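Chain by chain, the residues run as shown.
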Amino acid sequence: MNLTLHIWRQKNVHAKGKMVRYEARDINPDMSFLEMLDVVNWTLNEKGEEPVAFDHDCREGICGSCGMMINGIAHGPQRATAACQLHMRHFKDGETIFIEPWRSKAFPVIRDLVVDRTAFDRIIQAGGYISVRSGAAPEANTILVPKEQAELAMDAAACIGCGACVAACPNGSASLFTSAKIAHLNLLPQGQTERKQRVLSMVQAMDHEGFGNCTMHRECEAVCPKGISLKNIATMNREFWKAMISS
Ligand code: SF4
Ligand code: FES
C-alpha cells in the first residue's frame, strides 16, 4: 500500500506545531499502525531527518501509551481497538491519513504525537488504591465476592489509562477514566473502607487538573479501546453525591 500522511510535528511543549506531509511507500496491509509509523521513521532516519516521536510500549493493547488521533478519531476508525492493534488493512491503498496528538489542555504536547498524561497519575494518587496492612497474603476465599460484582469490577479495571476518552470529549472530561477507577475499587469488599474518601478525592483531583465536566456526549464510550461503559460515570456521580451528603 502507498499512503499520504499528514503528521503533527512539534519540537517541544513551547514550540508551535504544524502538519507535515509524508509519503509512506510499500506498506504491508498486515502491519499495525505503529509498524507503519516505524517504516516512515526508518525512511526519515535514512534521509537524516528527525523521526516522528510517538508513545508506545506493549504494542498489544494493554499499556495505554500509544494513543493518537487518526483521521480525527481517537485510536482510529476500528471500534474497541488501540492504535497499536489497528492494522493497515483497514485503510485503502492511496488513502490520505491525518495523524495528530491528543488535544486536551490537561494533556500538553511534549513532542510530535507524545502528550503528557501525568494528570491521570495524579488522579490515581488521590485515591485509586486500597491501603491495608494485609500482612501475609490472605487465603483467597476469606472474602467472598459475588460473581456479578466481580465481573463489573473486572470490566471497570480493564481501563488502560490511554486518555482517548479525554481526547474525544468536547469538554475534555476525564470522567470515564476516573469513574472506571472508582467503580473498580468501590465495587469490591476490599474497597469499602476508603469508599467515600476515594470518590471525593479523585473527583476533586480531576477538577484540579483542568478536565471538563461530563455532559453526556458519549464520545468517550465510542472511542474507548476497552469498551468501558458510561454506566461507570453514573456510578461515580451517585457515589459522589452520597459521599457529599453524608460528610
Ligand atoms: S476509559 Fe477507555 S478511553 Fe478512557 S483512559 Fe480508560 S481505556 Fe482509555
Ligand atoms: S502500545 Fe500499549 S496499548 Fe498500544
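For the structure itself, look to the data block above.
Residues numbered from 1 in each chain as written. Chains lettered and ligands numbered in written order. Predicted model: local features only at pLDDT ≥ 70, side-chain atom pairs only at ≥ 80, totals over all residues. Heavy atoms only, no water.

A. How the structure looks around the site of ligand 1. By nearness alone, 13 residues border ligand 1, and Cys-159, Cys-162, Gly-163, Cys-165 and Cys-224 come closest of all. For the shell around ligand 1, the secondary structure elements donating two or more residues are helix H4 (164-168) and helix H5 (175-186). Class assignment of the residues belonging to the shell around ligand 1 gives a composition of 11 nonpolar, 2 polar and no charged. (Near = heavy atom within 4 Å. Helix = DSSP H or I, 4+ residues; strand = E, 2+ residues; numbered from the N terminus. Nonpolar A, V, L, I, M, F, W, Y, C, P; charged D, E, K, R; others polar.)

B. Examining the side chain of Arg-198 more closely. Among the structural elements, Arg-198 can be located in helix H6 (residues 195-208). The exposure class of Arg-198 is buried, given its relative accessible area of 2%. For Arg-198, the side chain forms a polar contact with the main-chain oxygen of Gly-127, separated by 3.0 Å. (Buried < 20%, exposed > 50% of the residue type's maximum accessible area, 1.4 Å probe, protein only. Polar contact = N/O pair within 3.5 Å; in protein donor to acceptor, adjacent residues only side chain to side chain.)

C. The arrangement of the nonpolar core in detail. In terms of nonpolar packing, the biggest core is built from 39 residues, with Trp-102, Phe-120, Ile-123, Val-199 and Phe-211 touching the most fellow members. Breaking this core down by element, the ones donating at least two residues are helix H2 (118-127), H4, H5, H6, helix H7 (219-223) and helix H8 (231-246). Among the elements that take part in this core, H6 stands out by supplying 6 residues, more than any other. Every residue in contact with Val-199, bar those within four places of it in the chain, is listed here: Ile-182, Met-236, Glu-239, Phe-240 and Ala-243. Ranked by size, the runner-up nonpolar core spans 30 residues in total, among them Val-39, Val-40, Ile-70 and Leu-86. (Core = buried A, V, L, I, M, F, W, Y, C linked by side-chain atoms within 4.5 Å. Contact = heavy atoms within 4.5 Å.)

D. Structural view of the packing of aromatic side chains. If you walk through the whole model with that rule in mind, you get 6 aromatic pairs. Ring centres 5.9 Å apart and planes at 40° place the aromatic pair Phe-120 and Phe-211 in the tilted group. With Phe-120 in helix H2 and Phe-211 in the loop between H6 and H7, the pair connects residues that are 91 residues apart, well separated along the chain. Both residues of the pair, Phe-120 and Phe-211, count as buried. Site record: aromatic cluster; members linked through ring pairs are Phe-107, Phe-120, Phe-177 and Phe-211. (Phe/Tyr/Trp six-rings, centres within 6.5 Å; stacked < 30°, edge-to-face > 60°.)

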